[in-house]
Amino acid sequence: MATEASAAPSDARGVRLLPDDELVDMLHMLKLCRYFDERVEALYRQGRLPGAIYSGRGQEGTHVGTAWALRPEDSLFPTHRDLSAQLTKGLDLRRVMAQFWGRIDGYTRGRDGNSHIGDWQGNRTFTVMSHLPIAYPVAVGAALAYKLGGRDNVALAICGDGATSNGRWHEAINTSAVHRLPVVWVVNNNRFAYSTPNELEFAVATIAERAAAYGIPGVRVGGGDVLAVYEATHAAVERARAGEGPTLIESVSLRWRGHAGHDPAKYVPEEMLQQHVANDDPVRNFEEYLLTEGVITKEDVEQIERRVEAEFEEGYEFALASPFPEPGDATKGLWVEDGYWTSEPGRGGGTEAG
């Protein structure tokens, strides 16, 4: 039976799980992710950003809340839309922006664009793979390795609601349940798989209740409340770490933008979108919560916002100053034995697009 997560993070005594300074850090991350999404979209529409964009605006509560529950040594398996989770896990904003502009200081050294970012060695963030939910079976492999190796690491994988109709999703969850693997399954339920609404995706009322078929807990939580998402994920992560097996978390939200930059998302009813923006904005909701609780002041919020703007500008300047990869390096790094990924790359590619 799926359960609903509570709306505030607390332990059994009703005490907040996170200290005030960490709550402030969480607000900073939420605002950074929102600002990054807005600015990148603006640059894209101005023709100043190459490639495509996949917005996660309005879903930052899911991304930040889930990744916040992980330790540095735990592993995150995201999708192309989960950059906010990756930033929360520890990706360097400057290197992320260099990745977006195809520069040598990006995580793939200019070999890929903004859709496939990861830092497996540095932050245990697996590089995004396009064929969703292909990260789910890979997360099974990581979790199995942790269990066989006697390590207390946990793997956490994210996908959207549409990916739950793929056989790999069911196979991964079933395998993890049978072997009680240390993994947490997160479904970011956008309520539309591209343009297909939930009622045409599956016949059950919720995604979380599917967990019962595999003999694991299922939890449904509102993505507009980052603390509720964090609490549900924290419990699931610690359960997995203790050897009690996987948990399925359904975080319900609604993305404010379409599938990609080209998609106006006219299939989403305007009233539904406006209601979500008004009531389930995870950034505004969390800010108002901290203000009400006296954790921060209006001046603190303004300071955080100035810091976020400065961080973005620093990252943007870093990206444009980073050179493109040298053409002669195109065949390097195909095999780990050549040492390309552990050595300093050539920096003679220049900063002007050819």
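Residues numbered from 1 in each chain as written. Predicted model: local features only at pLDDT ≥ 70, side-chain atom pairs only at ≥ 80, totals over all residues. Heavy atoms only, no water.

Evaluated as defined, the whole model comprises 14 aromatic pairs. Ring centres of Trp120 and Phe126 lie 5.3 Å apart, and the angle between their planes is 80°; on these two criteria the pair is classed as edge-to-face. A residue is classified by how much of its surface remains accessible, and Trp120, at 24% relative accessible area, is partly exposed. When its relative accessible area of 21% is taken as the criterion, Phe126 is described as partly exposed. Taken together, the ring pairs in this structure connect Tyr35, Phe36, Phe100, Trp101, Phe312 and Tyr316 into an aromatic cluster. Stacked on the ring of Phe324, the Lys or Arg Arg103 has its end atom at 4.0 Å from the ring centre. (Phe/Tyr/Trp six-rings, centres within 6.5 Å; stacked < 30°, edge-to-face > 60°. Buried < 20%, exposed > 50% of the residue type's maximum accessible area, 1.4 Å probe, protein only. Lys NZ or Arg CZ within 6 Å of the ring centre and 35° of its normal.)

Our focus in this paragraph is the sheet that holds strand β3 (residues 155–160). One open sheet holds the 6 strands; their spatial order is β1-β7-β8-β4-β3-β2, and the pairing between them is parallel. Each end of this open sheet is capped by a strand with a single partner; those strands are β1 (3–4) and β2 (75–77). Bridge count between β2 and β3: 3 bridges; the pairing is parallel. Following the sheet pairing, Phe77 is matched in β3 by Ala157. The sheet strands contacting helix α7 (residues 167–178) are β3, β4 (183–189) and β8 (247–252), and the helix crosses β4 at an angle near 150°. (Pairing = 2+ DSSP bridges. Helix = DSSP H or I, 4+ residues; strand = E, 2+ residues; numbered from the N terminus. Contact = heavy atoms within 4.5 Å. Axes fitted to C-alpha atoms, helices over the stretch in contact; angles between N-to-C directions.)

With that out of the way, let us pick up helix α8 (residues 226–241). Between its first and last C-alpha, α8 extends 22 Å over 16 residues, near the 22 Å set by a 1.5 Å rise per residue. Within the sequence span of α8, burial applies to Val226, Leu227, Ala228, Val229, Tyr230, Glu231, Ala232, Thr233, Ala236, Val237, Ala240 and Arg241. Measuring from the backbone nitrogen of Leu227 back to the side-chain oxygen at the start of α8 gives 3.1 Å, which picks out Asp225 as the cap. (Expected span 1.5 Å × (residues − 1). Polar contact = N/O pair within 3.5 Å; in protein donor to acceptor, adjacent residues only side chain to side chain.)

With that settled, the discussion passes to helix α10 (residues 282–292). Among all positions of α10, only Pro282, Val283, Phe286, Glu287 and Leu290 are buried. Buried residues of α10, viewed axially, fall in a sector of 130°; they line one side. In this fold, the buried residues of α10 make contact with α1 (20–45), α2 (60–67), α8 and α11 (298–321). N-cap assignment for α10: the residue whose side-chain oxygen lies 3.0 Å from the backbone N of Val283 is Asp281. Within two residues after α10, Gly294 carries a phi angle of roughly 75°, on the positive side. (Arc of directions from axis to C-beta.)

This part covers the side chain of Gln99. Within the secondary structure, Gln99 is located in helix α4 (residues 93–100). Excluding anything up to four places from it in sequence, Gln99 contacts Gly106, Tyr107, Thr108, Asp112, Gly113, Asn114, His116 and Ile117.

This next bit is on the pairing of strand β7 (residues 218–222). In this structure, β1 lies alongside β7, joined through 2 bridges in parallel fashion. Following the sheet pairing, Glu4 is matched in β7 by Arg220. Crossover handedness for the path β7 to α8 to β8: right-handed. (Right-handed = clockwise from strand over helix to strand, strands pointing away.)

This paragraph deals with the nonpolar core. Ranked by size, the top nonpolar core spans 58 residues in total, and within it Met26, Phe36, Val96, Phe100 and Phe286 carry the most contacts. The element contributing the most residues to this core is α1, with 11 residues. Not counting chain neighbours up to four residues away, the residues in contact with Met26 comprise Leu18, Val64, Trp68, Val226, Leu227 and Phe286. One finds Phe77, Val140, Cys159 and Leu181 within the second-largest nonpolar core, a separate group that totals 26 residues. (Core = buried A, V, L, I, M, F, W, Y, C linked by side-chain atoms within 4.5 Å.)

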